[in-house]
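# Fold and geometry: a report
Spelled out from the first residue to the last, the chains are:
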Amino acid sequence: MGLAAELGEVLGDSARVLTQPSVVERLSRDFYWYSPVLRPLLDGKHADVVVQPVSVDEICAVLRLCYARDVAVTVRGAGTGNYGQAVPLCGGVVLDLQRMDRVLGITGDGVAVCEPGARLGTLEGAAREVGWELRCYPSTVVKASVGGFLGGGSGGIGSVAHGGLRDFGTVRAIEVVTMEAEPRVVLHEGEAVHEIMHSWGTNGVITKIWLALTPAVEWAQVAIAFTTFEAAFDFSERVAKDAAWTKRLVTVFEWPVPSFFSPVKTLVRDGEALIFLLVAEAQREALVAEATAAGGTVTFAAEYAGLKSSPLLSDYTWNHTTLWAMKADPAYTYLQCGFDAERAREQLALLKREYGADFLHHVEWMKNGAGTIFPAAIPVVRFTTEERLNGMIDFCRANGVGVANPHVNHVEGGGRYRADNVQLQAKYRNDAKGLLNPGKMATFEGPGLRVQGSGARSV
C-alpha cells in the first residue's frame, strides 16, 4: 500500500489526503520569493502528499505512521511566512492544519484558547465582541493563522504598545504533539513556551494555544506627511515614546516608499516622507493638531472600522511594505533591522550615506521585553548580488544595527533563535530522528534525510 493510501486509512477519510500535483505544489509554498536568495534555493521543492487533519488524535495517527516509515513531515499554517518555513526540503508529508481552525473560547481575564489553524483576523473579531483584542498581529492578519504566527512570526501591529509575540507573557501556553513511535501530547506553559515558539514546526506540532489579549480600544487611522524623513522620524518618535498616546501602530516611510502605495495615492504627497498611525479615536483630534503644529500635513484621519476598513493602513506596513515595493520594482527586497534607541539617527544617516537610494528607510516603532521603545525597521533595499546584500548586513552590524537575516532558510539565521538552545533541546526530546521539517534547524545533529533535489544532506 502506498503512503497516500495508508494516510487515508489512518484518517478514515481519503478526501483529506491530497495528491493532485498542482495542489501539493501550492500547499508546499509560502512567501519565500520575497527573498532573491531563497527563491532559487526553494523553487521546485514540494511534498509528496498533503494531509489535512481535524483533531489531535488524527495528528498522532499521521505522525505515528510517518515515524514508522521515516517520512518527513512539514507543518503548514496559512503559508504567509516569508522565509521558506513551510517549504519541505525532503518531500514527504505537508501537515496542513487549516481545518483545525476553531476559537475554543475567551476567558474572563482575556486569554483566547484556540486551535492552530484559527485565523488571526477571525480571532481579532471574536475578541472584540467580548471587549478584548489581539496584543500584536502581522500585516497578513486576515489570512495568517495563530499557529503559524507562533511558529514563525515575531511581532507586528500592536508591538509599539505590547512588545513582540515573545514578550510580557503574551503566549501563555502551547500544546504540541511529538514525533515519536508513540507521539505524546505535551503542554508547555509559562517560560516553557519558548521551547516551541519560532521553531518553524521543527520540534513539535502545535495543536492548541492560549494567547493573552488586551482590552479593546476604539481606534483611529491617521496619515501624516512631512517634507523630510528626519522631521517625520522626530514626530513619530515623540508619539511612540510618549505614554500619554494610546497607539497600536507608528510607522515611518522615507520617500519614495510612499509612492509604491498606488491604492492610497491620495494620502501621499510627492517627495515627502509619510507616517501611518493607529491611535485611540478619543485622541485623534489632539494628534492632528499636534502634527500640524510640528509642520506635518495630515492627509487622512478617520475612525477605524476594523480589518474591513477602506483604506486599511496596516496593509502598507510591516512586511506588506516590501510587497508594495516589489510590485513597483522586482529588484527590491528587504532586511529586518533593530536600531539603537539612542543612536538611531546616527545609524540611519550612516546607512543613507553608504547606500543612498539602494537602502530606503521604513521604520516600525516597537517595545522590547525590557519595556524600551525603539525603532525597528524593515528597510526596502535594492538587490544586485548576494555578496552586496551580505555586505549591507555586515555594514549594519558593524554600526550597531541588529539584523535578523530573512535570506536564510534555517531557524538559527533569522534572529529569533534562543541563545540558551531550548528550541534545540526540545528538538532532541520531541523529534530525535529529525523528521519534522528536516533541514530547518541547522544546529540539530541527527540521522537526517536527504534534501529533495540536492546532493547535500540536511543537518
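Since we're looking at a predicted model, the values are computed, not measured.

## A closer look at unusual backbone geometry
- Here the residue pair Trp 255 and Pro 256 is connected by a cis peptide bond, since its omega of 15° sits within 30 degrees of zero.
- By secondary structure assignment, the location of Pro 256 is in the loop between strand E12 (247-253) and strand E13 (273-280).
- At the junction of Ser 310 and Pro 311, the peptide bond is cis and its omega measures out at 0° in the coordinates.
- Phi is positive for Phe 168, which is not a glycine, with a value near 60°.

## Some words on the pairing of strand E9 (residues 185-189)
- Of the two faces of E9, only the one carrying Val 186 and His 188 is buried; Val 185, Leu 187 and Glu 189 on the other face are not.
- Strand direction decides the pairing type here: strand E8 (residues 171-177) and E9, joined by 5 bridges, are antiparallel. By the bridge assignment, Val 177 is partnered in E9 with Val 185.

## With respect to the pattern of salt bridges
- Tallying each qualifying case throughout the model produces 24 salt bridges.
- Between Glu 58 and Arg 16 there is a salt bridge whose closest N-O contact spans 2.7 Å. You can see Glu 58 sitting in helix H4 (residues 56-69) and its partner Arg 16 sitting in the loop between helix H1 (3-11) and strand E1 (17-18), a full 42 residues away along the chain.
- Given the relative accessible area of 12%, Glu 58 is considered buried.

## Some thoughts on the side chain of Arg 248
- As for its position among the elements, Arg 248 is in strand E12.
- Every residue in contact with Arg 248, bar those within four places of it in the chain, is listed here: Glu 124, Glu 133, Leu 134, Tyr 137, Ile 157, Gly 158, Val 160, Trp 219 and Leu 278.

## So, the packing of helix H8 (residues 229-241) against helix H11 (residues 344-355)
- Relative to each other, H8 and H11 sit at 150°, their axes nearing to 12 Å. In terms of orientation, H8 and H11 fall into the roughly antiparallel class. Handedness of the H8/H11 crossing: right-handed. In this structure, H8 uses Phe 229, Phe 233, Asp 234 and Glu 237 to contact H11, whose residues at the interface are Ala 344, Arg 345 and Leu 348.
- Its residues assigned to classes, the contact of H8 with H11 comprises 4 nonpolar, no polar and 3 charged.

## Some details on the sheet that holds strand E15 (residues 332-334)
- The antiparallel open sheet is built from 3 strands, whose spatial order is E15-E20-E17. Sheet topology places E15 and strand E17 (359-360) at the edges, where each strand pairs with a single neighbour.
- Summarising the sheet, E15 and strand E20 (residues 380-382) pair through 3 bridges and their orientation is antiparallel. Within the sheet, the bridge partner assigned to Tyr 332 lies in E20 and is Arg 382.

## Details of helix H5 (residues 120-129)
- Residues of H5 that are buried: Leu 120, Gly 121, Leu 123, Glu 124 and Ala 127. Take H5 and look down its axis: the buried residues cluster within an arc of 160°, on one side only.
- Where H5 is buried, its residues contact strand E5 (103-106), strand E6 (111-114), strand E7 (132-134), helix H6 (146-152), strand E10 (205-215) and E12.

## Brief notes about the environment of Pro 263
- For Pro 263, the location among the structural elements is in the loop between E12 and E13.
- Apart from residues lying up to four places away in sequence, Pro 263 is in contact with Tyr 316 and Trp 324.

## Regarding the side chain of Glu 124
- Structurally, Glu 124 is set in helix H5.
- A distance of 3.1 Å separates the side chain of Glu 124 from the side chain of Arg 248, its partner in a polar contact.
- Contact partners of Glu 124, with chain neighbours within four places excluded, come to Glu 133, Leu 134, Arg 248 and Leu 307.

## Overview of the confidence of the model for the protein chain
- Per-residue confidence for the protein chain gives a mean pLDDT of 95, with 96% of residues at or over 70.
- With pLDDT under 50 throughout, residues 452-459 is counted as low confidence; its partners more than four residues away or in other chains account for 24 contacts.

## A closer look at the environment of Lys 433
- The residue Lys 433 is located in the segment after helix H13 (422-430) in this model.
- Its relative accessible area of 22% is what places Lys 433 among the partly exposed residues.
- Distance from Lys 433 to Pro 36, taken between C-alpha atoms, is 32 Å for residues 397 residues apart in sequence.
- For Lys 433, the side chain forms a polar contact with the side chain of Asp 70, separated by 2.4 Å.

## A few points about the state of the cysteines
- Enumeration over the complete set of coordinates arrives at 0 disulfides.
- You can see Cys 66 has no disulfide; the closest cysteine sulfur is in Cys 60, sitting 12 Å from it.
- You can call Cys 66 buried: its relative accessible area is 0%.
- Of the cysteine sulfurs around Cys 90, a residue in no disulfide, the closest is that of Cys 66, at 13 Å.
- Cys 90 gets classed as buried once you look at its relative accessible area, which sits at 15%.

## Comments concerning the sheet that holds strand E11 (residues 219-226)
- If you walk across this open sheet you meet the 8 strands as E14-E11-E13-E12-E18-E19-E16-E21, and the pairing is antiparallel. The strands lining the two open edges of the sheet, one partner per strand, are strand E14 (297-303) and strand E21 (402-403).
- Relative to strand E19 (residues 373-377), strand E16 (residues 337-338) is paired through 2 bridges, and the arrangement is antiparallel. Counterpart to Cys 337 in the pairing with E19 is Ala 377.
- Contacting E11, E12, E13, strand E18 (362-367) and E19, H8 runs over the sheet at an angle of about 165° to E12.

## Observations concerning the packing of aromatic side chains
- According to the stated counting rule, one finds 18 aromatic pairs in the structure shown.
- Residues Phe 260 and Tyr 332 carry aromatic rings whose centres are separated by 5.4 Å and whose planes lie at 50° to one another, so their mutual orientation is tilted. On the criterion of sequence distance, the pair formed by Phe 260 in the loop between E12 and E13 and Tyr 332 in strand E15 is long-range, its members being 72 residues apart. Per residue, the accessibility class of Phe 260 equals that of Tyr 332, and both read buried.
- For the pair Tyr 316 and Trp 324, a centre-to-centre distance of 5.1 Å together with 20° between the ring planes defines the contact as stacked. Grouping residues by exposure puts Tyr 316 and Trp 324 together as buried.
- Here the basic side chain of Lys 427 rests over the ring of Phe 444, its NZ or CZ set 5.1 Å away from the ring centre.
- Above the face of the Tyr 67 ring, Lys 433 is positioned so that its terminal group lies 4.0 Å from the ring centre.

The rules behind these values
Residues numbered from 1 in each chain as written. Predicted model: local features only at pLDDT ≥ 70, side-chain atom pairs only at ≥ 80, totals over all residues. Heavy atoms only, no water. Helix = DSSP H or I, 4+ residues; strand = E, 2+ residues; numbered from the N terminus. Buried < 20%, exposed > 50% of the residue type's maximum accessible area, 1.4 Å probe, protein only. Pairing = 2+ DSSP bridges. Salt bridge = Lys/Arg side-chain N within 4 Å of Asp/Glu carboxyl O. Contact = heavy atoms within 4.5 Å. Axes fitted to C-alpha atoms, helices over the stretch in contact; angles between N-to-C directions. Parallel < 35°, antiparallel > 145°, perpendicular 65-115°, else oblique. Left-handed = near helix turned anticlockwise from the far one by under 90°. Nonpolar A, V, L, I, M, F, W, Y, C, P; charged D, E, K, R; others polar. Arc of directions from axis to C-beta. Polar contact = N/O pair within 3.5 Å; in protein donor to acceptor, adjacent residues only side chain to side chain. pLDDT = per-residue confidence, 0-100. Disulfide = S-S within 2.5 Å. Phe/Tyr/Trp six-rings, centres within 6.5 Å; stacked < 30°, edge-to-face > 60°. Lys NZ or Arg CZ within 6 Å of the ring centre and 35° of its normal.

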